[in-house]
Amino acid sequence: GNDDDDGACTSEPCLVANDAAGEEGLELRQLRTAQVHEQAASRSNLTLQERREVAERELVEISQLESKKYETTADGEWSIRCGAIYCAFDGSHCCWGEMFTQPYAICCGPTGACTKSGGMPVCIR
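Residues numbered from 1 in each chain as written. Predicted model: local features only at pLDDT ≥ 70, side-chain atom pairs only at ≥ 80, totals over all residues. Heavy atoms only, no water.

**With respect to the sheet that holds strand β3 (residues 85-87)**
Then step 1. The 3 strands lie next to each other as β1-β3-β2, forming an open sheet whose pairing is antiparallel. Edge strands, defined here as strands with exactly one partner in the open sheet, are β1 (71-72) and β2 (80-82).
Then step 2. Of the pairings in the sheet, the one linking β1 to β3 comprises 2 bridges and is antiparallel in character. Each bridged residue has a counterpart across the sheet, and for Thr72 the counterpart in β3 is Tyr86. (Pairing = 2+ DSSP bridges. Helix = DSSP H or I, 4+ residues; strand = E, 2+ residues; numbered from the N terminus.)

Written out as structure tokens, the structure is:
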């Protein structure tokens, strides 16, 4: 062998080939970076969706618990039948939705607005 040869690329064909390989390497790194960012964004969207579902379930549970404050018995004066429960006549009103594809109702207080979350009734103030 040649003692001067340190393995450096000095000929034009070699330099052109290295430039092309360098550009391809750069493109591959950029593509990988873009894929990593895309996957991270997808995970964060999923996480946000999961957080939304948890929050909506919590709103449903809170509405169910608050409903009990506005419920009365069937023989309560001016009681309003609301499915299997009765709402007190103090401005409270019935809020209908579904639970497991069956009609389901809760009582909303006088300042509550009825809406649905995943089909379930929710009272929003």
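**Notes on the nonpolar core**
Then step 1. In this structure, Tyr70, Cys82, Ile85, Cys87, Ala105 and Cys107 together form the largest nonpolar core, which totals 6 residues.
Then step 2. Where this core is concerned, the elements lending two or more residues are β3 and β5 (102-108). (Core = buried A, V, L, I, M, F, W, Y, C linked by side-chain atoms within 4.5 Å. Buried < 20%, exposed > 50% of the residue type's maximum accessible area, 1.4 Å probe, protein only.)

**Details of the state of the cysteines**
Then step 1. One pass over the full model with this rule turns up 4 disulfides.
Then step 2. Note on cysteine connectivity: Cys87 is disulfide-linked to Cys107, with sulfurs 2.0 Å apart. Judged by the sign of its S-S torsion, about -95°, the bond between Cys87 and Cys107 is left-handed. Within this pair, whereas Cys87 is found in strand β3, its partner Cys107 is found in strand β5, the two being separated by 20 residues in sequence. The burial state of Cys87 is the same as that of Cys107; both residues are buried.
Then step 3. Across the disulfide, Cys95 is cross-linked to Cys114 (sulfur-sulfur distance 1.9 Å). One quick way to see it: the torsion about the S-S bond of Cys95 and Cys114 is about 75°, and its sign makes the bridge right-handed. Remark: Cys114 occurs in strand β6 (residues 113-117) and Cys95 occurs in strand β4 (residues 93-99); sequence separation between them is 19 residues. (Disulfide = S-S within 2.5 Å.)

Everything listed here is a matter of geometry and, on its own, says nothing about what the molecule does.
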